[in-house]
Amino acid sequence: MTHRDNGIPLRSLKIVTLLVALSPELLFLGAGVQLQDNGYDGLLIAINPQVPESQNLILNIKEMITEASFYLFNATKRRVFFRNIQILIPTTWKANNYSKVKQESYEKANVIVTDWNGVNGNDPYTLQHRGCGKEGKYIHFTSNFLLNDDLTTAYGSRGRVFVHEWAHLRWGVFDEYNNDKPFYIDGQNEVKVTRCSSDIKGIFVCEKGPCSHEDCIISKLFKERCTFLYNSTQNATASIMFMQSLSSVVEFCNASTHNQEAPNLQNRMCSLRSTWDVIMDSSDFRLSFPMNRTELPPPPTFSVVQASDKVVCLVLDVSSKMAEADRLLRLQQAAEFYLMQIVEIHTFVGIASFNSKGEIRAHLQQINSDEDRKLLVSYLPTLVSAEAETSICSGLKKGFEVVEKLHGKAAGSVMILVASGADGHIGNCLPTVLGSGATVHSIALGCSEAGKLEELSHRTGGLKFCIPDKSNSNSMVDAFSRISFGTGDIFQQSIQLHSVSENVKPYHQLKSTVSVDHDVGNDTVFLVTWPSSGPPEIVLVDPTGRKYYTNNFTTSLASQTASLRIPGTAKPGRWTYSLNSTHHSPQALTVTVASRASSAVPPATVEVFVEKDSTHFPDPVMIYANVRKGFYPILNATVAAVIEPETGDPVTLKLFDDGAGADVIKNDGIYSRYFFSFAVNGRYSLKVHVSHSPSISALAHSIAGSHALYVPGYIVNGNIQMNAPRKSAHRSEAEQQWGFSRVSSGGSFSVQGVPDGSHPDLFPPCKVVDLEAVKMEEEVTLSWTAPGEDFDQGQATSYEIRISKSLQNIRDDFNNAILVNTSKLYPQQAGTREIFTFSPRIFTNGFEHQPERGTQENHRMYVAIRAMDRNSLKSAVSNIAQVTLSSLPYSASAPGRDRLIWKGVLTSVTMIGIICFVIIITHFALNKKKSRQGREWDKITMNKCTEYLPS
């Protein structure tokens with residue numbers, strides 16, 4: 001049997017292909033924001049289901065983007081604007097005159113609108129997880145910011161704010177203000193406000209009115225109730241990344257207006273480069289040029305879309321390849337868990353299967369009860385076909401037939417495609433899949449043939465997983481557990497708390513614990529699987545000591561699973577389980593625990609992703625885990641990534657949120673690490689385990705991200721005009737300490753070019769990005785996070801520290817700056833805080849010139865560092881730290897100066913003695929008889945002389 005048509009008529013295929021070629025809407029489905037002919041297409045703004053319905057909210061979003069488009073066009077010197085925007089409305093909104101979604105979902109949105117977790121702060125912000133020039137995750141707005149016009153006095157108009165955030169998101173530039181360091185000392189020893197550009201004018205304001213900076217600053221800190229207010233009327237035109245709220249500000253800081261000395265994130269993260277320089281280096285501007293026409297671009301067009309019913313179809317491979325490595329059994333176990341636990345209530349679910357042709361196994365069934373779930377489980381395939389041939393397109397065609405029964409279209413539906421091998425004809429149905437508006441999540445069994453399958457997911461915005469053929473892997477269950485409908489309603493989604501798989505020796509035990517925290521506990525399920533023979537003996541103990549045994553679990557010998565659903569809300573605390581193997585040979589036992597939210601407080605979540613889906617040796621993969629509760633970062637968590645190649649043992653890698661190495665921002669809840677321990681070419685699957693002790697402070701006090709600046713007030717016509725006090729995001733004290741555990745799959749990535757056998761060291765230490773310098777009396781103390789021998793792992797061999805009085809010189813010519821003696825500085829283990837103190841005497845007293853005699857000169861010293869490994873591979877030069885030093889007045893050397901001082905003292909003493917002696921002799925010659933008055937006069941005279949003598 002051939003696959004050439006796969007059940008799709010050739011004429012239909014040609015028509016669909018032509019539509020894909022001609023329709024911009026189809027072209028950008030699943031592709032994110034695209035820039036074409038100077039206009040951005042595909043920008044997706046999604047409103048969270050928790051936000052109350054408001055037509056004004058939609059109207060204000062449209063007005064914001066329209067204003068932003070023209071403001072952006074002028075700020076980028078007529079280069080880019082917004083053309084097509086989609087606004088995704090939650091299904092909870094009752095109005096029904098919106099278009100229906102295709103592949104849009106809340107999880108794919110570039111901009112999200114939500115008010116979770118009692119967030120009273122209204123700062124618009126962008127979550128940036130990568131370095132300078134790299135795209136961020138999303139822009140966040142609260143509905144209050146978009147509806148409350150009073151806030152525009154402090155933030156500026158919404159369109160201007162959006163452009164500020166867009167620059168963060170799209171071009172990877174950073175804020176040019178710094179609330180933690182609102183001022184600094186410049187090279188002339190003058191107090192300067194952290195700003196860009198320096199041309200923006202204002203005054204210091206104390207509690208009672210205008211004041212000098214001396215009145216506002218004590219020990220290098222602002223006094224309480226002190227601030228710096230800017231004039232509402234300015235001549236400065238830059239910069240949007242500093243204060244977009246000023247009416248005169250219409251452009252980004254460029255090389256001529258950029259303030260390189262300001263201690264802000266833009267200078268630190270982008271090596272002192274201006275925002276405009278970074279923007280001009282982006283792929284957007286390398287491929288676009290200013291529009292020559294004199295007229296403005298057209299206003300943006302908007303489409304408001306809304307998801308209707310949640311519709312899912314499982315498309316499952318049943319070819320003979322599924323008999324290999326227990327693939328069908330593991331598919332049954334994972335699909336059953338998905339149907340019984342993961343898929344959300346009220347979802348319509350159908351099942352199709354395929355070998356060389358497709359078959360519908362179950363038409364759509366809405367899940368309203370456990371009985372509905374069990375009925376769907378009964379339709380899962382239990383036998384493999386004798387055919388080895390597979391036709392994925394045939395399976396997808398049947399899947400589309402299933403979902404189209406509901407509304408006549410597949411748009412907005414989800415396909416979970418599980419396939420066991422290659423299908424050289426999968427490209428034949430790619431246009432149909434793209435044109436359908438469905439999202440395809442792919443699960444490849446055996447990773448070597450996953451490429452074509454993953455293309456379907458990539459083009460439709462779906463997730464992709466590869467499952468190694470290993471009996472002791474729980475990757476299949478983890479993959480199904482990761483798939484949600486993407487509505488953004490975390491209160492409906494199942495959350496994976498635990499996932500363990502282990503080969504257990506005969507008559508041995510697998511024992512562990514899992515934390516059930518206060519924010520979950522509803523619909524909690526414990527799942528145990530085994531590959532052969534009977535189930536192990538199970539003992540599960542809840543935090544109160546109550547025990548559950550094997551006979552309390554629902555056991556399926558067909559799928560070799562045992563599951564226990566905890567009635568009501570599971571007790572918070574540590575649950576302990578033990579699995580005792582009763583088999584005479586080793587068994588691969590797995591345990592999975594999942595639960596749902598138990599209150600109106602958002603539970604802790606973890607999202608796992610990599611910087612890019614593929615890499616080529618020796619380029620590393622950057623792994624990220626976004627750990628948060630609502631939108632608050634969770635700090636001090638233990639985060640471990642498990643990277644599993646198709647063949648070979650998995651690698652466990654601890655991730656950090658320390659602002660060093662692969663981690664860009666400290667304490668933003670995004671834990672990161674470089675991964676480069678590539679054993680083989682091919683695909684690697686990824687999952688992350690997160691745990692947190694209840695005894696450690698967990699939640700950050702603020703929401704992380706690059707924020708638009710809130711302006712406390714202005715100077716208007718010489719008068720102080722204050723804005724309303726800023727409402728900051730807050731959390732209750734009761735939420736500060738709590739424990740939890742989470743697991744999440746991060747899909748898969750591919751690596752090519754890995755050499756066979758051993759290979760030379762090609763991995764240098766990572767760049768230091770958090771170097772700080774502080775003057776301590778007559779010395780300078782540096783601190784930074786230690787890089788590793790290889791990126792952020794291991795231990796570097798040495799450091800090279802250089803100083804300069806020129807910011808540009810140390811940045812552009814590091815090798816020729818003054819070298820600091822680091823012979824006694826030995827690098828510590830990667831991630832350790834390094835501290836090094838040195839004397840800058842060579843800089844202040846012997847550098848280039850001496851100050852004039854009797855004067856004191858202030859020096860601005862700039863410091864940078866790089867690390868080397870044992871093979872002399874060098875890291876990139878660090879961020880540049882700066883410190884102000886004072887040199888002593890010019891004089892002779894210390895020994896000569898001391899001799900002159902003592903000579904002067906001795907001469908003075910001698911002269912005073914001679915004068916006193918002459919006075920005394922004269923007195924005795926004139927008054928040979930001492931009277932009482934004379935004696936008194938003698939006493940006074942001697943006292944006077946004594947006053948001049950040294951003690």
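Small disclaimer: the values here were computed from a predicted structure and weren't measured.

Asks: Which parts of the structure should I look at to understand the environment of Asn292?
Replies: Within the secondary structure, Asn292 is located in the loop between helix 11 (283–286) and strand 17 (301–306). On a C-alpha basis, the gap between Asn292 and Arg78 in space is 8.3 Å, while along the polypeptide they are 214 residues apart.

Asks: Please clarify how the sheet that holds strand 43 (residues 719–722) should be interpreted in this entry.
Replies: Read across the sheet, 5 strands follow the order 13-12-16-42-43 without closing on themselves; strand pairing throughout is mixed. On the outer flanks of this sheet lie strand 13 (209–210) and strand 43, each paired with one strand and no other. As judged from the 4 bridges shared by strand 12 (residues 202–206) and strand 16 (residues 227–231), these two strands associate in the antiparallel manner. Following the sheet pairing, Ile203 is matched in strand 16 by Leu229.

Asks: Would you take a moment to explain the sheet that holds strand 5 (residues 84–89) for this structure?
Replies: Sheet strands pair via backbone hydrogen bonds, and the direction of the pair is either parallel or antiparallel. Read across the open sheet, the 8 strands follow the order 6-17-5-3-7-9-8-41; overall the sheet is mixed. Two strands in the sheet have a free side with no partner beyond their single neighbour: strand 6 (99–100) and strand 41 (706–707). As judged from the 3 bridges shared by strand 7 (residues 111–113) and strand 9 (residues 138–141), these two strands associate in the parallel manner. Of the residues in strand 9, the one forming a bridge with Val111 is Ile139. Each of strand 3 (43–47), strand 7, strand 8 (125–127), strand 9 and strand 41 touches helix 6 (residues 158–171); the most contacted strand, strand 9, lies at about 150° to it.

Asks: How should the state of the cysteines be read in this particular structure?
Replies: Where two cysteines share a covalent bond between their sulfur atoms, that bond is called a disulfide. In total, this model carries 2 disulfides according to the counting rule given. The disulfide bridge from Cys132 ends at Cys270, spanning 2.1 Å between sulfur atoms. When the S-S torsion is 105°, as for the bridge of Cys132 with Cys270, the disulfide is right-handed. With Cys132 in the loop between strand 8 and strand 9 and Cys270 in the loop between helix 9 (265–269) and helix 10 (275–280), the pair connects residues that are 138 residues apart, well separated along the chain. Put simply, Cys393 and Cys429 are joined by a disulfide, and their sulfur atoms are 2.1 Å apart. Looking down the S-S bond of the Cys393 and Cys429 bridge, the torsion is -80°, so its handedness is left-handed. Of this pair, Cys393 sits in helix 14 (residues 392–407) while Cys429 sits in the loop between strand 21 (414–419) and helix 15 (430–436), and the two are 36 residues apart along the sequence. Both residues of the pair, Cys393 and Cys429, belong to the buried class.

Asks: Would you mind going over the nonpolar core with me for this structure?
Replies: Most often, soluble globular proteins have nonpolar side chains that are buried together. Counting 70 residues, the largest nonpolar core has Phe82, Phe162, Trp166, Trp171 and Phe252 as the members making the most contacts within it. With 9 residues, the top contributor of residues to this core is helix 3 (residues 55–75). Look past the residues within four positions of Phe82 in its chain and what remains in contact with it is Tyr40, Leu43, Ile65, Ala68, Ser69, Leu72, Phe162, Trp166 and Pro300. In this structure, Val608, Phe617, Val690 and Phe791 belong to the second largest nonpolar core, which totals 53 residues.

Asks: Is there a simple way to explain the environment of His583 in this structure?
Replies: Following the sequence through the fold, His583 ends up in the loop between strand 31 (573–580) and strand 32 (587–597). A residue is classified by how much of its surface remains accessible, and His583, at 12% relative accessible area, is buried. Leaving out residues up to four positions away in the same chain, His583 has contacts with Pro506, Tyr507, Ser532 and Ser533. Of the polar contacts made by the side chain of His583, one reaches the side chain of Ser585; its length is 3.3 Å.

Asks: Help me understand the packing of aromatic side chains in this model?
Replies: Centre-to-centre distance and the angle between the planes together describe a pair of aromatic rings. By the definition in use, this model includes 34 aromatic pairs. Between Tyr40 and Phe82 the ring centres are 5.7 Å apart and the planes differ by 35°, which places this aromatic pair in the tilted class. In this pair, Tyr40 is assigned in strand 2 (residues 39–41) and Phe82 in strand 4 (residues 81–82), connecting sequence segments 42 residues apart. The exposure classification of Tyr40 matches that of Phe82, with both residues buried. Note on Phe228 and Tyr230: the rings are 5.1 Å apart at their centroids and 75° apart in plane angle, and the pair reads as edge-to-face. Accessibility assignment for this pair places Phe228 and Tyr230 in one class, buried. In this structure an aromatic cluster arises from ring pairing among Tyr40, Phe82, Phe141, Phe145, Tyr155, Phe162, Trp166 and Tyr710. Directly above the ring of Phe609 sits Lys137, whose terminal nitrogen or CZ lies 3.9 Å from the centroid. Just above the ring of Phe814 sits the side chain of Arg802; from NZ or CZ to the centre is 5.8 Å.

Asks: Even after reading the chapter, I still don't get the packing of helix 12 (residues 327–342) against helix 13 (residues 370–377), so can you show me in this structure?
Replies: Helices that pack against each other are described as a pair by the angle of their axes relative to one another and the distance between those axes. Here helix 12 crosses helix 13 at 165°, and the two axes come no closer than 9 Å. Looking at the two axes, helix 12 sits roughly antiparallel to helix 13. Helix-helix and strand crossings are classified by hand; for helix 12 and helix 13 the assignment is right-handed. Across the interface between the two elements, Glu336, Leu339, Met340 and Gln341 of helix 12 pack against Arg373, Lys374, Leu376 and Val377 of helix 13. Broken down by class, the residue content of the contact of helix 12 with helix 13 amounts to 4 nonpolar, 1 polar and 3 charged.

Criteria and cut-off values
- Residues numbered from 1 in each chain as written.
- Predicted model: local features only at pLDDT ≥ 70, side-chain atom pairs only at ≥ 80, totals over all residues.
- Heavy atoms only, no water.
- Helix = DSSP H or I, 4+ residues; strand = E, 2+ residues; numbered from the N terminus.
- Pairing = 2+ DSSP bridges.
- Contact = heavy atoms within 4.5 Å.
- Axes fitted to C-alpha atoms, helices over the stretch in contact; angles between N-to-C directions.
- Disulfide = S-S within 2.5 Å.
- Buried < 20%, exposed > 50% of the residue type's maximum accessible area, 1.4 Å probe, protein only.
- Core = buried A, V, L, I, M, F, W, Y, C linked by side-chain atoms within 4.5 Å.
- Polar contact = N/O pair within 3.5 Å; in protein donor to acceptor, adjacent residues only side chain to side chain.
- Phe/Tyr/Trp six-rings, centres within 6.5 Å; stacked < 30°, edge-to-face > 60°.
- Lys NZ or Arg CZ within 6 Å of the ring centre and 35° of its normal.
- Parallel < 35°, antiparallel > 145°, perpendicular 65-115°, else oblique.
- Left-handed = near helix turned anticlockwise from the far one by under 90°.
- Nonpolar A, V, L, I, M, F, W, Y, C, P; charged D, E, K, R; others polar.

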